[in-house]
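# Remarks on the overall topology
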Amino acid sequence: MPISRNPRDPKSTTHTILFVSHTGVWGGGAEVVLAQLLDAASSVGFRCALTAPSGELLARMNSRCDKTFELPLSSLRRTTSARVALRMMASWVATTVELGRIIRRSRADMVHANSGVAALACCVSCFLLRRPLIWHQHDIVPQRLINRLVLVLCGCLSTRIVAVSAAVAGSLTGLGIPAERVEVVHNAVRAEFFEPLPD
């Protein structure tokens, strides 16, 4: 579909991407890449929305986005306690429901999850609402049984998985995620993202 930065042009269509971060903290490479993705998407005519937990990330990214939404993502971890597992599951369901509301409120045409945790939070909402999901994986995924159980399903519900290196891609396919769903796109950093150090 044609993309236009001019909303007054009735012959063009402007699409919205909802970016989802699992952290509200600023400072890692994944967050720098997220900032560059927001700039790149805006420069070619996309509207950008961002949801993340409360923190410096939302404050820094606010000027790059048309809309921002605060949403604490539930943390999933290994446990042998049935009570803890049930609490985590209930929290994940609540997050999934709220993300569905944010997808509708932002009028997102596509969702970009900036980590595996974010992708897990988004995959069911995107599937139910029929929104394409791009899972951007920055780290090597440990080859654990729990990852094999939950991430393979997440990978199958994702439209495309972007891995930042061949090693990251190999860790995903090693879990059982089909290789045709994974594409390696190496990180690049624009010069203006480097902050000069004092003398």
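Higher on the page you've got the structure.
Residues numbered from 1 in each chain as written. Predicted model: local features only at pLDDT ≥ 70, side-chain atom pairs only at ≥ 80, totals over all residues. Heavy atoms only, no water.

### Description of the layout of surface pockets
- Considered as a void within the structure, the second largest pocket measures approximately 310 Å³ in volume.
- In terms of lining residues, the second largest pocket is bounded by 17 residues, among which Val-33, Leu-37, His-112, His-136 and Val-185 are the most central.
- Among the elements of the structure, β1 (16–20), α1 (29–43), β4 (110–113) and β5 (133–137) are those that each provide at least two residues to the lining of the second largest pocket.
- Here the element with the most residues in the lining of the second largest pocket is α1; it accounts for 5 residues.
- Taken together, the residues of the lining of the second largest pocket sort by class into 11 nonpolar, 5 polar and 1 charged. (1 Å grid on protein atoms, 1.4 Å probe; cavity = no way out; pocket = protein on both sides within 12 Å on 5 of 7 lines; lining within 4 Å. Points joined across faces, edges and corners; volume = space filled by probe spheres on them. Helix = DSSP H or I, 4+ residues; strand = E, 2+ residues; numbered from the N terminus. Nonpolar A, V, L, I, M, F, W, Y, C, P; charged D, E, K, R; others polar.)

### Considering the sheet that holds β5
- One open sheet accounts for 7 strands, arranged β3-β2-β1-β4-β5-β6-β7; its pairing is parallel. Unpaired on one side and paired on the other, β3 (67–70) and β7 (182–184) mark the two borders of the sheet. On average, each strand axis in the sheet is tilted by 20° relative to the strand beside it, whichever way the strands run.
- Here β4 runs beside β5; their pairing, made up of 3 bridges, is parallel. In the sheet register, Val-111 faces β5, and the bridge partner there is Leu-133.
- α1 rests against β1, β2 (47–52), β4 and β5 of the sheet, and its axis sits at about 175° to β1. (Pairing = 2+ DSSP bridges. Axes fitted to C-alpha atoms, helices over the stretch in contact; angles between N-to-C directions. Contact = heavy atoms within 4.5 Å.)

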